[in-house]
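# Per-entry structural report
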Amino acid sequence: MKLSTRNQLTGTVASITRGEAMAVVRVRLAGGEEITSSITRDAVDDLGLADGAPVTVLIKSTEVALAVE
């Protein structure tokens, strides 16, 4: 599959926390960092996600904001 999204990171699913409609999926990247994605529970099921599953994180955003005090 070819995608136009240029920001692609490979990793493995570290954990999945399911809510009523959404799920929080934590992905451990190759360097040990973790990134979190909120997706629907249906998407978790459709993708067959489970702890340890290999995934590609696709990042497409017009803005990334950070703040500190």
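About the thresholds
Residues numbered from 1 in each chain as written. Predicted model: local features only at pLDDT ≥ 70, side-chain atom pairs only at ≥ 80, totals over all residues. Heavy atoms only, no water. Helix = DSSP H or I, 4+ residues; strand = E, 2+ residues; numbered from the N terminus. Buried < 20%, exposed > 50% of the residue type's maximum accessible area, 1.4 Å probe, protein only. Contact = heavy atoms within 4.5 Å. Areas by Shrake-Rupley, 256 points an atom, 1.4 Å probe, with all protein chains shown as cover. UniProt positions renumbered as here; feature names shortened; annotations may be inferred. Pairing = 2+ DSSP bridges. Axes fitted to C-alpha atoms, helices over the stretch in contact; angles between N-to-C directions.

### Description of the overall build of the protein
Within the protein, the secondary structure is distributed over 1 helix and 4 strands. Starting at the N terminus and ending at the C terminus, the protein contains elements arranged as β-β-β-α-β. Its C-alpha atoms give the protein principal-axis dimensions of roughly 35 × 35 × 25 Å. The proportion of buried residues among the 69 residues of the protein is 19%. For the protein, the share of sequence-separated contacts (at least 6 apart) that also reach a separation of at least 24 residues comes to 42%. With an accessible surface of roughly 5,500 Å², the protein has 52% of that area assigned to carbon and sulfur atoms.

### Some thoughts on the UniProt feature "domain: Mop" (unreviewed entry) in the protein
As recorded in UniProt, the sites labelled "domain: Mop" (unreviewed entry) are residues 2-68. As a span, residues 2-68 carries 10% helix and 49% strand, and end to end its C-alpha atoms are 37 Å apart.

### Quick word on the pairing of strand S2 (residues 22-29)
The two faces of S2 differ: Ala23, Val25, Val27 and Leu29 on one face are buried, but Met22, Val24, Arg26 and Arg28 on the other face are not. Here strand S1 (residues 7-18) runs beside S2; their pairing, made up of 7 bridges, is antiparallel. Residue Gly11 lies in a different strand from S2, and its bridge partner there is Leu29. The antiparallel pairing of S1 with S2 creates a hairpin that spans 3 residues between the two strands. Of the pairings in the sheet, the one linking S2 to strand S3 (residues 34-40) comprises 7 bridges and is antiparallel in character. Bridge pairing in S3 places Arg26 opposite Thr36. Connecting S2 to the antiparallel partner S3 that follows it, the hairpin turn spans 4 residues, and Gly32 within it adopts a positive phi of roughly 95 degrees.

### Brief notes about the sheet that holds S2
Two pairing modes exist for strands in a sheet, parallel and antiparallel, and in both the strands are linked by backbone hydrogen bonds. Pairing within the open sheet is antiparallel, and its 4 strands lie in the order S3-S2-S1-S4. Of all the strands in the sheet, the pair left with one neighbour each is S3 and strand S4 (54-59). Direction aside, the axes of adjacent strands within the sheet are offset by 50 degrees on average.

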